Amino acid sequence: MMDEVDRIIINELQEGFPVCERPYAAAAEKLGLTEAVLIERLGRLLEDGVLSRFGPLIHAEQLGGGLTLAAMQVPAADLERVIEQVNAFPEVAHNYERDHVLNLWFVLATERPEQVGAVIAAIESCTGYPVYNFPKEEEYFLNLRLAV
Amino acid sequence: MELNVRQRRVDSTGIDAHDRRLLEQIQEGLPLVPRPFADIAGRLGMAEAEVIARIERLCGEGVIKRMGVVVRHRSLGYDANAMVVWDVPDTRVDALGQCFARFPFVTLCYQRPRRGARWPYNLFCMIHGKDRDAVLDKVVELTEACGVGEVRHQVLFSRRCFKQRGANYRRGCP
C-alpha cells in the first residue's frame, strides 16, 4: 500500500519534473530522498498501477494530431454491443458510460485533424446511431511553474 | 511558486522530425535510470544535451503540457468522476473557465460547442472526488466561488470506464 513517502512523491511530481542530466537526483533532493529511492518508488507505483504513466503529458493538437470528445445516445438494450464496437476503434482513447440521455462519452485521437470526421462517420455507420462531436474551442488550465 | 491560469489557443509550432522521434520515445514514459535523457539520446543517436534542449523547448511551446506523474485516480481512492457542464453566456465563458481552472480538483476545463436544444452546455469541467457526495460538494464550492448560482448546469457522473489509455499518435496501435 501507499505510504507517506509515496504520497509526497505523487503530490510533488504531479506539478512537474526537472529536465536536466540527473532529474531524479534533482527531484529527490527537493523531496528529501535519495535518487535511488525515488527511482525505486516510481517503479513500484507504476507496477502497482497507482500511476498510469511517468513522463510527458503531450498536447495532441500541437503535435498535429486530431482530438475530440464525442457522445452518443444509445438505448440500454443495445448498449453492450455499441460499447464493444466503439472500443474496437483504435482512435478511441477513453470511453465512459455516464448518467445522461447522452450516455456514452469517448475521446477520439487521430493522427491528423481531418481524420476525425471519417472516424465519426465510421462509428455512426457501424453502430447505427448518431455521434455528437464536441471539439475543444478553448482550454483553460492551471499552469504551475517554479520561479527561478 | 508562480501560479497563473493561462488560456491557450491551439496554434502551430515548429516541430521537426527529430522532435517527433523524441516524443515517440518518451510518450509511454521516461526510463527509470539516473540519466534518462542520456538513455533516450542513445536510442536516437542524439547527444544528451540536445535531448534536454529539445524537451525544454517542447515544454515551452506547450507541445509537452508538463512532465511528471500521471495518476490513476481510482487507485488513489478517487472513485467518483463527473463531467460537469454549464450553459454559460458567451460573454462570460472565458472568465468562468479561468475561475474554474484555478481549483485543484478541476482536472480539465474546456469550452466546447453547444448542440441545439438537447445540449445547451458550452463549458465542460472534469471533477474527481472520493465519492459522489464529495464531487457534488465541489460543484457547490465552484458555483459559489465563481458566482454561477443562476447558470444552468448538469453533473454527469461516470458509471463505467471501458477504455483508458493515453492517446497514442502513431498509426496502428491496438
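Not measured: the values here are computed from a predicted model.

Asks: Just checking my understanding: could you explain the environment of G14(B) for this structure?
Replies: Residues and elements named next belong to chain B. You can see G14 is positioned in the loop between strand 1 (2–8) and helix 1 (17–26). Exposure remark for G14: the 8 C-beta atoms within 10 Å place this residue in the exposed category. Separated by 78 residues in sequence, G14 and R92 have C-alpha atoms that sit 33 Å apart.

Asks: When you look at the interface of chain B and chain A in this model, what are you seeing that I'm missing?
Replies: How big an interface is tends to be stated in terms of accessible area lost as the parts join. The partner chain A presents 65 residues to the 70 residues of chain B that form the contact. Of all elements in the fold, only strand 1, helix 1, helix 2 (36–44), helix 3 (48–61), strand 2 (64–71), helix 4 (93–101), strand 4 (106–111) and strand 6 (153–164) of chain B reach the threshold of two or more residues within the side of chain B that touches chain A. Sorting elements by how many residues they give to the side of chain B that touches chain A places strand 6 of chain B first, with 10 residues. Two elements, strand 1 (residues 51–58) of chain A and strand 2 of chain B, share 7 bridges in a ladder whose sense is antiparallel. Counterpart to L51(A) in the pairing with strand 2 of chain B is V71(B).

Asks: I would appreciate a short explanation of helix 5 (residues 132–145) of chain B in the present structure.
Replies: Structural remark: α-helix, 3.6 residues per turn; residues separated by three or four positions point the same way. All names here are of chain B. For helix 5, with 14 residues, the first-to-last C-alpha span of 20 Å sits near the 20 Å given by 1.5 Å per residue. Here helix 5 has its buried residues at V135, K138 and L142. Down the axis of helix 5, the smallest arc covering the buried residues is 60°, so these residues share one side. Facing away from the buried side of helix 5 by more than 90 degrees, the exposed set consists of D133, V140 and E144. Considering only its buried residues, helix 5 is in contact with strand 3 (80–86), helix 4 and strand 5 (123–129). Once helix 5 finishes, G147 follows within two positions and takes phi at roughly 65°, a positive value.

Asks: I keep staring at the domain arrangement of chain B and nothing clicks. Help me out?
Replies: Taken domain by domain, chain B consists of domain 1 (17–61) and domain 2 (73–157). For domain 1 of chain B and domain 2 of chain B, the distance between their C-alpha centres works out to 35 Å.

Asks: I'm lost on helix 2 (residues 23–31) of chain A in this one. Help?
Replies: Of all the residues in helix 2 of chain A, the buried ones are P23(A), Y24(A) and A27(A). Seen along its axis, helix 2 of chain A keeps its buried residues to an arc of 95°; they face one direction. In this structure, the buried residues of helix 2 of chain A make contact with helix 1 (4–13) and helix 3 (35–47) of chain A together with helix 2 of chain B. Where helix 2 of chain A terminates, the next one or two residues include G32(A), which has phi positive at roughly 75°.

Reading the values: rules and limits
Position numbers for residues start from 1 in each chain and track the written sequence from start to end. Going through the entries in the order they are written, you letter the chains from A and number the ligands from 1. Local features are withheld for residues below a pLDDT of 70 in this predicted model, meaning they are given only at 70 or higher, and side-chain atom pairs are given and counted only at 80 or more; totals for whole chains, interfaces and linings count all residues. Note on conventions: DSSP H or I runs of at least 4 residues are helices, E runs of at least 2 residues are strands, and numbering of each starts at the N terminus. Burial is judged by counting other C-beta atoms within 10 Å of a residue's own C-beta: 20 or more means buried, 12 or fewer means exposed, and anything between counts as partly exposed, with every C-beta placed from the backbone. Residue pairs qualify as contacts under a 7 Å threshold applied to their C-beta atoms, which are placed from the backbone. Strand pairing is assigned whenever DSSP detects at least two bridges linking the two strands. Each helix should span, by expectation, one fewer than its residue count multiplied by 1.5 Å. The directions from the helix axis to the C-beta atoms are what the arc is built from. How far each domain reaches was decided by an automatic or database domain assignment.

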